[in-house]
Amino acid sequence: MSVQQDDLDGRLSRHLRRGIVTGAGAALIAIYLGSVGLLAMMNARPVVANVLTLAQTALLAIAFLVGLLSQRTSAKDRSPVFWTAPLAGLVAGLLAAGFASLILSINLRSIFIALTPPLARLLTFGQPGISGAGLLVAGSVVAASAGALYQRLPHKVRRLIFPAALAVLLCGMFQEFIQVILQSNALFRWFAPWFYGWDGLTARGGLTIFAIALAFAALPFLVRRPGGFAGSAGSHPWRRSAPALLVLLLLLLVPIAGGPYIAQVFLLIGLYVLMGMGLNLELGLAGLLDLGFVAFFATGAYITAILTADSPLALAHYTAVPSFPFWAAMPLAVLGAVLMGILFGIPVLGVKGDYLAVATLGLGEIVRIVVQSDAAAPILGGAQGILQIPKPQIGGFQFGSAVSLFYLTLAAAIFAAYCAWRLERSRLGRAWIALREDEDVAQAMGINLVQSKLLAYAFGAAFAGLAGSIFAVMVNSVFPSSFQLLMSINVLALIVVGGLGSLSGVVLGALVLIGLPEALREFGEFRYLFYGLALILTMRLMPEGLWPAGRRRRRIVVPATGARSAQAARP
Amino acid sequence: MILEIENMSLAYGNIEAVRGVSIKIVDGGIVALVGANGAGKSSTLNAISGLIPIKNGSIRIDGQSSAALKPHEITRRGIVQVPEGRRIFGRLSVEENLLMGAFSRTDHAAIAEDRDHMFELFPRLKERRRQVAGTLSGGEQQMVATARGLMARPRVLLMDEPSMGLAPLVVEQVFDTIQAINAAGTTVLLVEQNALMALEIAHHAYVMEHGEIVLEGPGAELAVDERVVSIYLG
């Protein structure tokens, strides 16, 4: 009897501790966000106009997550009890309220410039004194309990609610972009007022979007219900490619509707998609980690510049070579990048794994430094770069605007995607995959190691060269400082986040990692914080990437014969 | 003579792994190379496959030295290895693994035929042809590795420790398969720690110890040889 009592006490104190610790953790995060000034900045962006700002959403989300986490089973705690969630919410709310009153009573602004009375008001939802603190604590408890409830919902229901909530959040956060698009034609203008007021998403609009997104999320369940339909051969490939087609449609239409700024952002995304597809061949298929990838991009850009520019540095200026139009220069730029890829590959043929990363990093930097050097300055312009690169032309039409250049990039990307898709299924693609899996055995199978590796670098470089060529005409000029290491890292990050070896993953990764920082531009340097956070979260929660390659997905799903592996296959 | 190794030495840095080894492989037989762990058996196989350079001596394929050949060129001459520890392509499906084995061939119709033949030889693999090979059991993985090797239509199949890590019953099956492969006309060089079973099926055998060949003779004779028994079977 007393043993049982002891056990009960032990469990009670453990639940109590869990609630207090998670609550305190949440309060710490909130206090941190407030102290660095992020909350004040987020407060300027409404999610639902006059109802909810991004800052308040973030605070509620923190409380919600705490409630959710408090209900997760772990090895130590197999049966979490519900009341830990409101307890955690209470602790978090009380600490945050204490923080708010601290800001109001003591002036710490000489040290922490962000600790202003408006921040305190923000924390207490605009209410003064004790009622504000009460509101904060109550909100925190409710949000944490909601999180706990959410965690206890069946998996299917969560899969409905999560996308719907995310849709509302995105539609609210990026209302400026969406409003620009909505103003572009009469049909949109007709229904826009239902969703958006001048200052952002309306409450009724938010609810409508929630309902629509809910319906969309429920669609797969509804379609599958009538027996046998899901099994029919015709519907399956269609359903698998439907999201990809949707993305493509979005890519086609958004820049027209969104105007030059959005087109510019999408153009940048398109260039990264091109490079991502190239690196995907190298890393995703052949397993060759390359941190000097930007060198190929730079090669494409510089060759285009030298051949087409109207500048003293152009070849046409000091040799008998005529000045090339863009369309003739682009293939040569791709060819040049291919040669660079092979040159690049030769010294690192025997290098593997981590060492390869360091070696390619060095090679990439060498290329940039050579371009920047005084020795190469008479040809490549040194740090001043090459200016006055003309825009491409077809007949009388000039690809002058960001929108038209975006479509050029899109066409190039679609062509490149087709090539990449074919390559992956070719003999060479299979050879790359085999090399990545086991170099020795691949050779024993009759694969030519040197040739296959060099071809991987060459093909990867071709894609980057194409992107570089478009980049050169996009900015009208090339400078060594445009080709930083960060670019290689961005490309690497986007294919890893998207899902190694997955073409759709490259597009999604570029949208998230290149598009998101642009969309969050008003947050200045903080956006890299989000960027880093997004990277870490993706790797923790979806280590196979946002859109894993079929090959990888299969690896997890196939062994699903028992209940345990079926759980592992859940996304 | 398909394959002839003469007085070959191998070294990893300053450490000599194999000293003065000579092995002759005549068309159509099963040749066993047995010895304890670390005797230099796998190194010898890898040298034949061109994966490690030889220090002294020579390896001749059809009378020509293979010193200048790259690993994939040796494979194309019909000398194909089934590596130790299986080493299948874990993320590829069973069928894709088999097709990798036929990588250097271009006769597509015959490749498809051979693949179907492999599925007859290993019905288990047919059931699992779309399954990712890394999720198979050890015995099934050995089947994949063997079938993958055979897909190259080898003249000599170099099998490195095919019984390693397998249950006794499965080991029996593996050795039965080896005999069946040989009966169908493929020469086999079998490297094994499991000396007794290897010697039973070998037409000719070599015993290796500390990087040198210490005994040589017909498999059946060596299987009852006192020295072999005392060294390896205790």
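The rules behind the values
- Residues numbered from 1 in each chain as written.
- Chains lettered and ligands numbered in written order.
- Predicted model: local features only at pLDDT ≥ 70, side-chain atom pairs only at ≥ 80, totals over all residues.
- Heavy atoms only, no water.
- Helix = DSSP H or I, 4+ residues; strand = E, 2+ residues; numbered from the N terminus.
- Rg over C-alpha atoms; globule rule 2.2 N^0.38 Å.
- Buried < 20%, exposed > 50% of the residue type's maximum accessible area, 1.4 Å probe, protein only.
- Contact = heavy atoms within 4.5 Å.
- Expected span 1.5 Å × (residues − 1).
- Buried area = accessible area lost by both parts, 1.4 Å probe.
- Salt bridge = Lys/Arg side-chain N within 4 Å of Asp/Glu carboxyl O.
- Polar contact = N/O pair within 3.5 Å; in protein donor to acceptor, adjacent residues only side chain to side chain.
- Nonpolar A, V, L, I, M, F, W, Y, C, P; charged D, E, K, R; others polar.
- Pairing = 2+ DSSP bridges.
- Axes fitted to C-alpha atoms, helices over the stretch in contact; angles between N-to-C directions.
- Domains from an automatic or database assignment.
- Phe/Tyr/Trp six-rings, centres within 6.5 Å; stacked < 30°, edge-to-face > 60°.
- Lys NZ or Arg CZ within 6 Å of the ring centre and 35° of its normal.
- Core = buried A, V, L, I, M, F, W, Y, C linked by side-chain atoms within 4.5 Å.
- Left-handed = near helix turned anticlockwise from the far one by under 90°.

## Description of the overall build of chain B
Check the secondary structure of chain B and you find 10 helices and 10 strands. The C-alpha radius of gyration of chain B comes to 17 Å, within 12% of the 17 Å expected for a compact globule of 234 residues. Seen along its three principal axes, the alpha-carbon backbone of chain B occupies a region of about 45 × 40 × 30 Å. Across the 234 residues in chain B, those meeting the buried criterion constitute 55%. Restricting to contacts in chain B with at least 6 residues of sequence separation, those with at least 24 account for 67%.

## With respect to helix α4 (residues 108-121) of chain B
Residues and elements named next belong to chain B. In a regular helix each residue adds 1.5 Å, so 14 residues correspond to 20 Å; α4 covers 20 Å between its end C-alpha atoms and thus fits that length. By the burial criterion, the buried members of α4 are A110, I111, D114, R115, M118 and F119. Contacts made by the buried residues of α4 are with α3 (94-101), α5 (123-127) and α6 (138-150).

## Considerations on the interface of chain A and chain B
One frequently used descriptor of interface size is the decrease in accessible area upon assembly of the parts. Taken together, the 24 residues of chain A in the interface contact 24 residues of chain B. Of the roughly 2,400 Å² buried where chain A meets chain B, counting both sides, 60% is carbon and sulfur surface. Remark: the boundary between chain A and chain B carries three salt bridges. The residue R87 of chain B makes a salt bridge to D438 of chain A at a minimum N-O spacing of 2.8 Å. Counting across the interface, chain A meets chain B through eight residue pairs in polar contact (both at pLDDT 80 or more). Breaking the side of chain A that touches chain B down by element, the ones donating at least two residues are α18 (427-437), α19 (439-444) and α24 (550-557) of chain A. Among the elements that take part in the side of chain A that touches chain B, α18 of chain A stands out by supplying seven residues, more than any other. Tallied by class, residues from the side of chain A that touches chain B come to 11 nonpolar, three polar and 10 charged.

## Here we look at the sheet that holds strand β3 (residues 30-35) of chain B
Residues and elements named next belong to chain B. Read across the open sheet, the six strands follow the order β6-β7-β8-β3-β9-β10; overall the sheet is mixed. Each of the sheet's edge strands pairs with one partner strand only, and the pair in question is β6 (79-82) and β10 (212-218). Strand after strand, the sheet turns through a mean of 15° between neighbouring axes, direction not considered. Taken together, the six bridges between strand β9 (residues 204-209) and β10 define a ladder with antiparallel strand orientation. Considered in β10, the bridge of E209 is made with E212. Lying over the sheet, α6 contacts β6 and β7 (156-160), oriented at roughly 170° with respect to β6.

## Concerning the pairing of β9 of chain B
All names here are of chain B. In this structure, β3 lies alongside β9, joined through five bridges in parallel fashion. Within β9, the residue paired with V34 across the bridge is V207. Joining the antiparallel neighbours β9 and β10 is a turn of two residues, in which H210 adopts a positive phi near 50°.

## Considerations on the pairing of β6 of chain B
All names here are of chain B. Of the two faces of β6, the one holding I79 and Q81 and the one holding V80 and V82 are both buried throughout. Where β6 and β7 come together, four bridges link them in parallel fashion. Bridged to Q81 within β7 is L158.

## Structural notes on the side chain of Q179 of chain A
Mapped onto the elements of the fold, Q179 of chain A is located in helix α8 (residues 175-182). Every residue in contact with Q179 of chain A, bar those within four places of it in the chain, is listed here: Y196, G197, W198 and G200 of chain A.

## Side note on the domain arrangement of chain A
All names here are of chain A. For chain A, the assigned domains read domain 1 (9-152) and domain 2 (259-562). Taking the mean C-alpha position of each, domain 1 and domain 2 sit 42 Å from one another. Contacts between the two partners involve six residues from domain 1, matched on the other side by six residues from domain 2. Here domain 1 is connected to domain 2 by zero salt bridges. For the pair domain 1 and domain 2, the interface holds zero residue pairs in polar contact (both at pLDDT 80 or more). If you tally residues by element for the side of domain 1 that touches domain 2, the top one is helix α2 (residues 38-43), at three residues. A per-class count over the side of domain 1 that touches domain 2 returns five nonpolar, no polar and one charged.

## Regarding the packing of aromatic side chains
Under the definition given, this model contains 17 aromatic pairs over all chains. Each member of the aromatic cluster is reached from another via a ring pair, and the members are F293, F296, F344 and Y457 of chain A. The ring of F89 of chain B carries R148 of chain B above its face, with NZ or CZ at 5.0 Å from the centroid.

## Focus on unusual backbone geometry
We note that N476 of chain A has phi near 70°; this positive angle belongs to a residue other than glycine. With respect to the helices and strands, N476 of chain A occurs in the loop between α20 (449-475) and α21 (485-498).

## Looking at the pattern of salt bridges
Working definition: two side chains of opposite charge can pair if their charged atoms are close together. Applying the stated criterion across every chain yields a total of 25 salt bridges over all chains. Between E424 of chain A and R425 of chain A there is a salt bridge, with the nearest N and O atoms lying 3.9 Å from each other. By relative accessible area, E424 of chain A is classed as buried at 16%. Several salt bridges converge on common partners, so that one network encompasses E95, R115, D116, R129 and R130 of chain B.

## With respect to the sheet that holds strand β4 (residues 56-61) of chain B
Backbone-to-backbone hydrogen bonds join strands into a sheet, with any given pair of strands oriented parallel or antiparallel. Residues and elements named next belong to chain B. With respect to topology, four strands assemble into an open sheet ordered β2-β1-β4-β5, the strand pairing being antiparallel. A strand with exactly one partner marks an edge of an open sheet, and here the two such strands are β2 (15-25) and β5 (64-65). Looking at chain direction, β4 and β5 are connected through two bridges and run antiparallel. Counterpart to I61 in the pairing with β5 is Q64.

## Notes on the nonpolar core
By size, the foremost hydrophobic cluster in this structure holds 103 residues, and its most contacted members are L274, M275, F297, V478 and F483 of chain A. In terms of residues, this core owes the most to one element, helix α11 (residues 235-285) of chain A, which gives 18 residues. If sequence neighbours within four positions are ignored, F297 of chain A has contacts with M275, A464, A467, G468, F471, F483 and M487 of chain A. Among the nonpolar cores identified, the runner-up in size contains 45 residues, and I88, F175, V188 and A223 of chain B belong to it.

## Quick word on the environment of L339 of chain A
Residues and elements named next belong to chain A. Looking at the secondary structure, you find L339 in helix α14 (residues 326-345). L339 gets classed as exposed once you look at its relative accessible area, which sits at 51%. In the structure, L339 is positioned 273 residues away from V66 in sequence and 54 Å away in space, judged by C-alpha atoms.

## Looking at the packing of helix α12 (residues 294-308) of chain A against α14 of chain A
Residues and elements named next belong to chain A. In contact at an axis separation of 8 Å, α12 and α14 are set at 145° when each is read in the N-to-C sense. For the crossing formed where α12 meets α14, the hand is right-handed. Packed against α12, whose contacting residues are A295, F296, T299, G300, I303, T304, L307 and T308, the element α14 presents F326, A329, L332, A333, G336, A337, M340, G341 and F344 at the interface. For the contact of α12 with α14, the class distribution of residues is 11 nonpolar, six polar and no charged.

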